[in-house]
Structures are given as C-alpha cells and as structure tokens.
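Per-entry structural report
Below are the chains, spelled out letter by letter.
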Amino acid sequence: MLRYALFTIWITIFILGVSPVYGGPGKEMFAQKCLNCHINSEETEVVNPVDKASMQWRRFFKRHKHNRFKDISELLTPEDKQQILEYLVDHASDSDQPEIAGVR
Amino acid sequence: MDQIIISFAKSFRLFSLFLVLGMMSSVIFGNEAELDKLKDRIDELEELLEKIEKQNASDRIHLTSDFRLMHHNYQYFGENPQTSERESDHVVVNQLRFRLNMRTSIVNKLRFTGRITVFKNWGENEFVDPPDLTGTGVPNDTSLRLERAYLDYFINDTFSFSAGRLPGSGGPPMELMENTPRKSTYPVGAYSIELDGLVLSWNLPDYWKMRPALRFIYGEVGATGGDIFRDEDIHTMRVAIYQAEAELLFRNVEGLLIYDHLQIDDVGLSLENIRRTQIIANATGLETQVVQIPESMAVVQRDVIHLQLHLTPFSLDTYFSYISNIIKSNGKFLQINIKGTDIPILCVGLNREDCLPAGSSTRHSHAYNIGTRYQLPIDVKLPPKIGLEYHQASKWYFATVYHGDLNQTANINFAFHNVAGTAIHLYWIQPLEKNLFLRFGYQRVDTDYEKIIFSTIEHKQHLIDTYVLLNARF
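Small disclaimer: the values here were computed from a predicted structure and weren't measured.

Residue and element names in this part refer to chain B. Relative to strand β2 (residues 86–107), strand β1 (residues 62–79) runs antiparallel, the two being bridged by 18 bridges. Counted as the bridge partner of N73 is V92 from β2. Between the end of β1 and the start of β2, which pair antiparallel, lie 6 residues, with S84 showing a positive phi angle near 65 degrees.

Laid out in structure tokens, this is it:
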C-alpha cells in the first residue's frame with residue numbers, strides 16, 4: 001500500500017513539474033541577461049561564475065562595477081540582479097563544485 | 001603567494017598614494033582628461049589585484065574539508081530463521097566523519113581531484129559499526145580511506161580522459177540528501193563503490209535543450225571478505241560501464257537523464273572465506289580439504305535508467321531510477337569438505353539456495369528508487385528542505401555493494417540501496433549557514449532476504465535508524 005501511495009505522490013509531483021510554470025531562476029536570468037552580450041558579442045569576454053570567488057561577485061554587484069564598462073541599470077531590475085548574484089555566488093570558484101570524471 | 005600579495009599590496013598602496021596626489025593635482029589644475037586616465041589606471045590595477053586574489057583563493061592545490069558529526073539510534077527486530085524466535089536490539093552510535101578534498105589544475109588541460117576519508121565511532125579506535133545506511137563508501141574500521149584520486153585530461157572541449165580511483169561512490173541522487181552538487185560520474189543504482197580505472201568521455205554539443213555525453217568506464221575492484229586476508233586472496237573483478245547521459249536544460253526545469261549498461265565478467269569469491277572457514281574448522285578439531293575453487297562463477301549485467309529533475313520555480317527535486325539485474329551463473333562453486341570425506345563444510349555457488357553441484361542458473365531481479373526533495377517556501381535566508389526516498393528490490397537483487405567490505409558498508413544487508421526488500425528514508429535538512437547544516441532523518445529498512453556470501457535466504461528483518469547529523473564544509 002505504502003509503495004502505491006509513494007508512487008502516486010511521485011507521479012503527481014512529476015506532472016506538476018512538467019506543467020508550464022513561470023518564474024525566473026538565477027541561472028536562466030544569467031543566461032538571458034548576461035550571456036546575451038557576453039557570448040554573442042565580439043566586444044565582450046565570456047563570463048563564467050567561476051571567474052570570481054563569491055566575495056568578489058558580491059563586491060562587483062555592491063560597487064556596481066559593471067557600470068564602469070556599460071551601464072546596465074536599465075536592463076536589470078534589483079530583483080534580477082539579486083537572482084543573478086545568488087546564482088553567481090552559488091557557483092563561484094570557491095563554492096562546492098560537482099565531481100564528475102571528464103567534466104570541467 | 002601570500003608574500004607576493006603582501007608586497008603587491010604595499011606597492012599598490014604606495015602607487016595609490018601617488019595616484020591620489022596626482023588626482024588631487026589634476027583636480028586642482030582642472031585637468032579632467034588626466035583625471036580620467038588616472039581613474040582608468042586605478043581600475044586596471046584593481047582588476048589585476050582581483051586576479052591575484054582569486055588565484056590565491058582558488059588555484060594550486062585547493063583544499064576543502066567536510067566534517068560530520070552523527071548520532072544514530074538503531075532499532076532492530078526480526079525473526080531468527082533457525083529457531084523462529086523473535087529477536088530485537090537497540091544500539092545508539094555517535095560517529096564522526098572527516099573528508100579532505102583536493103583539487104588542482106596542474107596545467108590548463110590536466111586536473112587532479114582527490115578525497116581521503118576517515119570514519120570513527122566515539123570511544124572506539126578500531127571498528128566502525130553499525131553502518132551508515134545512507135550509502136556506501138563507509139568502511140568498517142577507522143583507517144584512512146582513499147576514496148578518490150584521479151586525473152582528468154581534457155584533450156579538447158569534446159573529448160576527455162580520466163584515470164585513477166574514480167569518482168564513483170555517492171552518485172545521483174545522493175547529492176540531494178547530502179545537500180551538494182553532483183559528486184559522481186554514474187548513478188548510485190549503477191555502481192557505488194570505489195573503482196580504480198579509466199573513463200573516456202565524449203561531451204557532445206548541446207542539442208535541443210540537452211547537453212548529451214557518452215562515457216565508457218573501465219575499472220577493477222578487489223573483493224575481499226574483510227579482516228583476515230592475504231594479498232593473494234583478493235579476487236579482482238573487472239567492471240565495464242557504458243553510459244549515455246543528458247543534462248536537461250528546459251525552462252524552469254533542469255535535469256539529468258542517464259542510461260547505464262554495466263557488465264562484470266568474472267564475479268568470483270575471495271579466498272579469505274576459505275581461510276576463515278579453515279580456521280574455524282581447525283579450532284574445532286576438524287581437518288579440511290579444498291575440493292575446488294573456481295576463478296569465476298558468473299557474469300553480471302545491469303541496466304539502469306535514472307531521471308532526475310530540478311523544478312526551479314517550486315524549488316523541488318525529484319527522481320526515479322529503474323535497475324534491472326541479470327546474474328548468469330556458470331554453475332561452478334567453491335567447496336571445502338571435511339578431510340578424507342565427502343561431507344561439505346562450505347559450499348558456495350553464486351545464487352544457489354542449496355549445495356547441489358549440478359547445473360547453472362540465471363537470476364533476474366529488479367529494483368526501483370523514487371524520491372523527492374522540497375525546499376520549504378519560507379521567507380528566511382536559508383530555508384529548510386525536506387526529502388523522501390523509497391527503494392524496493394526483488395529477491396536476487398544486489399546493487400551497489402558486493403560481498404565483502406573492502407569498499408562497502410559494514411553490513412550489506414541493510415545498506416539502503418542494496419536492500420532486497422523495501423527501504424524508506426525521510427529527512428529534514430536545516431541549513432544553519434551557507435556551509436553548515438543539520439539533518440534529521442528517519443530510515444526504515446525491511447529486508448525480505450538476507451545475502452550470505454553468494455546465496456540468498458528468506459529472512460525478514462527490520463532496522464530503523466533515527467538520526468541527527470551536523471555537517472560542516474570549510
């Protein structure tokens with residue numbers, strides 16, 4: 001009985017999960033807002049979360065360092081910035097990294 | 001490196017003083033172009049300093065640690081298969097685990113990763129028992145274990161080669177309850193012991209919201225019976241794993257889809273079991289005679305499908321694994337008789353329920369694991385996570401552990417992902433800081449069958465573990 005109950009719960013979660021949902025996680029926000037320029041433009045370098053340690057990302061956002069190169073205040077709301085910062089900090093060079101053979 | 005930073009910082013401070021003076025004079029004399037130039041140079045210097053700071057923080061041998069304190073409350077009850085009497089036990093164990101992780105980029109294309117681990121029960125200097133039910137990789141003594149030590153050579157962005165003691169234990173989905181990123185190449189349902197070998201990876205380009213990869217893993221593992229063995233007793237088994245995986249990158253849904261086919265051609269038995277039997281027999285005044293010792297007793301084939309999803313808007317993870325196991329016994333068996341007679345005192349054949357010498361058999365078994373982890377929608381800095389895991393497997397199932405304790409839990413019958421029966425795990429992760437969390441858990445393991453060497457007998461046992469652990473990474 002228990003296994004059927006658990007299986008039902010899992011199926012429900014799975015169906016809920018693949019339903020259309022809305023929201024902007026940090027990774028997606030980073031891909032949309034940051035990589036749009038940092039991959040597609042020849043004028044900018046590719047940006048990766050491991051480019052900086054977490055404290056450096058925090059400092060980068062706190063001091064609005066991006067504005068020295070390009071003012072992005074109109075491109076990102078404070079909420080967007082917060083989500084991107086959380087993603088960058090979570091995946092910064094000093095964060096817990098995945099361990100998979102053959103994967104950078 | 002620290003000295004370089006200090007000297008650099010001193011130079012930077014001196015240089016900054018000149019720059020400030022320069023800026024002041026520029027302001028005084030109203031030379032704005034000069035001022036802009038100086039600002040640019042300060043920016044450049046700041047960038048340079050950050051690079052050095054980052055290098056110091058992350059490069060060379062990057063050491064991190066993982067320290068865990070555990071309090072386990074085990075309750076056992078079952079029925080003695082010989083006497084049919086009910087048995088019960090209650091054990092409280094305080095335990096600690098310390099891991100030292102190493103990582104370094106030797107050159108741009110070559111990376112080393114290592115991990116050494118030690119387990120220790122409080123007040124005990126030699127043995128670690130009962131086991132941690134949550135996974136393999138738990139030794140049965142306090143010796144320092146080399147859990148992984150391997151080199152990755154990235155030939156280019158697509159192909160890579162890895163060799164050494166591979167990152168194979170604690171694979172998906174175990175990172176969910178460990179509250180870490182993925183920590184293994186293949187899922188726990190495929191194989192979860194320390195494997196020495198090599199991996200060839202073909203990381204394919206992104207294709208329709210997927211990042212596919214193909215891997216071939218070849219490794220060797222030694223099976224021993226534990227504490228009384230000689231080097232020549234170790235039976236080495238060769239393991240081949242063919243893996244196709246895809247990282248799923250859908251909007252709001254990240255995931256992992258893995259298919260594994262595993263094959264072991266030479267499943268055998270450590271001679272240590274013979275030594276032990278002989279020692280016991282000799283102690284009772286019996287002389288023994290080895291009748292036969294087969295090199296190999298079976299071929300094992302396993303197919304695993306693992307799907308894992310992270311639903312970002314709900315902060316919810318969920319997974320499903322199905323494992324199909326086929327053991328093709330070649331009919332050979334190990335036998336020790338009382339000397340000068342035909343009376344066996346040890347008779348071991350793979351998947352045999354009796355001691356009859358004739359015939360071979362093929363055993364098929366299957367298992368599935370389902371689970372979920374949910375981050376509670378509470379408006380706090382570090383919200384808690386709750387998780388639920390369920391495992392069920394049929395009679396002849398064995399998964400992540402082999403007989404013997406070289407790489408394994410101290411008791412294979414109760415290892416969560418190895419149970420031939422059912423197992424359930426409910427846990428609550430309470431983060432205290434970014435790298436510090438508490439986990440409260442309840443596990444119940446109900447075994448239908450007990451694995452004794454290579455045989456499987458019906459034996460209903462129940463083990464409940466109520467635990468709390470504190471984990472710190474630094």
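By convention, interface size is frequently given as the accessible area that disappears when the constituent parts associate. Every contact between the two is made by 38 residues of chain A and, on the other side, 55 residues of chain B. At the junction of chain A with chain B, the criterion picks out 11 salt bridges. Inspection of the region where chain A meets chain B yields 20 residue pairs in polar contact (both at pLDDT 80 or more). Elements that contribute at least two residues to the side of chain A that touches chain B include exactly α1 (2–18), α2 (26–38) and α3 (54–62) of chain A. The element contributing the most residues to the side of chain A that touches chain B is α1(A), with 9 residues. Across the side of chain A that touches chain B, the residue classes break down as 19 nonpolar, 7 polar and 12 charged.

This part takes up the confidence of the model for chain B. Residues and elements named next belong to chain B. Counting all residues, the mean pLDDT for chain B is 80, and 79% of those residues have values of 70 or more. When mean pLDDT is taken per element in chain B, strand β5 (residues 159–165) scores highest with 95 and helix α1 (residues 2–29) scores lowest with 57. Counting contacts from residues 225–229, a segment whose pLDDT is below 50, to residues more than four positions away or on other chains yields 15 contacts. When the criterion is pLDDT under 50, residues 402–410 qualifies, and its contacts beyond four places in sequence or with other chains add up to 45 contacts.

Moving on, we get to α2(A). Since the α-helix advances by 3.6 residues per turn, residues separated by three or four positions end up pointing in the same direction. For α2(A), the principal kink sits at Q32(A) and spans about 30 degrees. On its buried face, α2(A) is in contact with α4 (78–90) of chain A.

Further remarks concern the environment of D206(B). All names here are of chain B. Note that D206 resides in the loop between β6 (196–203) and β7 (210–223). Setting aside chain neighbours within four positions, we find D206 in contact with R211, P212 and L249. Here the side chain of D206 touches R211 through a polar contact of 3.0 Å, side chain to side chain.

We now examine α3(A). Every buried residue of α3(A) is accounted for by S54(A), Q56(A), W57(A), F60(A) and F61(A). Seen along its axis, α3(A) keeps its buried residues to an arc of 160 degrees; they face one direction.

Quick look at the pattern of salt bridges now. Enumeration over the complete set of coordinates arrives at 26 salt bridges over all chains. Residue R215(B) pairs with E245(B) through a salt bridge whose shortest N-O separation is 2.9 Å. One end of the pair, R215(B), is in strand β7; the other, E245(B), is in strand β8 (residues 235–250), and 30 residues separate them in sequence. Each member of the pair, R215(B) as well as E245(B), carries the same accessibility label: buried. Counted as one network, the salt bridges with shared partners bring together K52(A), R59(A), R63(A), K65(A), R68(A), D43(B), E46(B) and E50(B).

This part takes up the packing of α2(A) against α4(A). Residue and element names in this part refer to chain A. Relative orientation of the contacting elements α2 and α4 amounts to 110 degrees, with a least axis distance of 8 Å. Taken as axis vectors, α2 and α4 run roughly perpendicular relative to one another. Relative to α4, α2 is oriented so that their crossing is left-handed. Residue-level inspection shows G26, K27, M29, F30, K33 and C34 of α2 in contact with α4, the latter providing D80, Q83, I84, Y87 and L88. Of the residues that constitute the contact of α2 with α4, the class distribution is 6 nonpolar, 2 polar and 3 charged.

Reading the values: rules and limits
- Residues numbered from 1 in each chain as written.
- Chains lettered and ligands numbered in written order.
- Predicted model: local features only at pLDDT ≥ 70, side-chain atom pairs only at ≥ 80, totals over all residues.
- Heavy atoms only, no water.
- Pairing = 2+ DSSP bridges.
- Helix = DSSP H or I, 4+ residues; strand = E, 2+ residues; numbered from the N terminus.
- Contact = heavy atoms within 4.5 Å.
- Salt bridge = Lys/Arg side-chain N within 4 Å of Asp/Glu carboxyl O.
- Polar contact = N/O pair within 3.5 Å; in protein donor to acceptor, adjacent residues only side chain to side chain.
- Nonpolar A, V, L, I, M, F, W, Y, C, P; charged D, E, K, R; others polar.
- pLDDT = per-residue confidence, 0-100.
- Bend = angle between axes of the 7 residues up to and from the residue.
- Buried < 20%, exposed > 50% of the residue type's maximum accessible area, 1.4 Å probe, protein only.
- Arc of directions from axis to C-beta.
- Axes fitted to C-alpha atoms, helices over the stretch in contact; angles between N-to-C directions.
- Parallel < 35°, antiparallel > 145°, perpendicular 65-115°, else oblique.
- Left-handed = near helix turned anticlockwise from the far one by under 90°.

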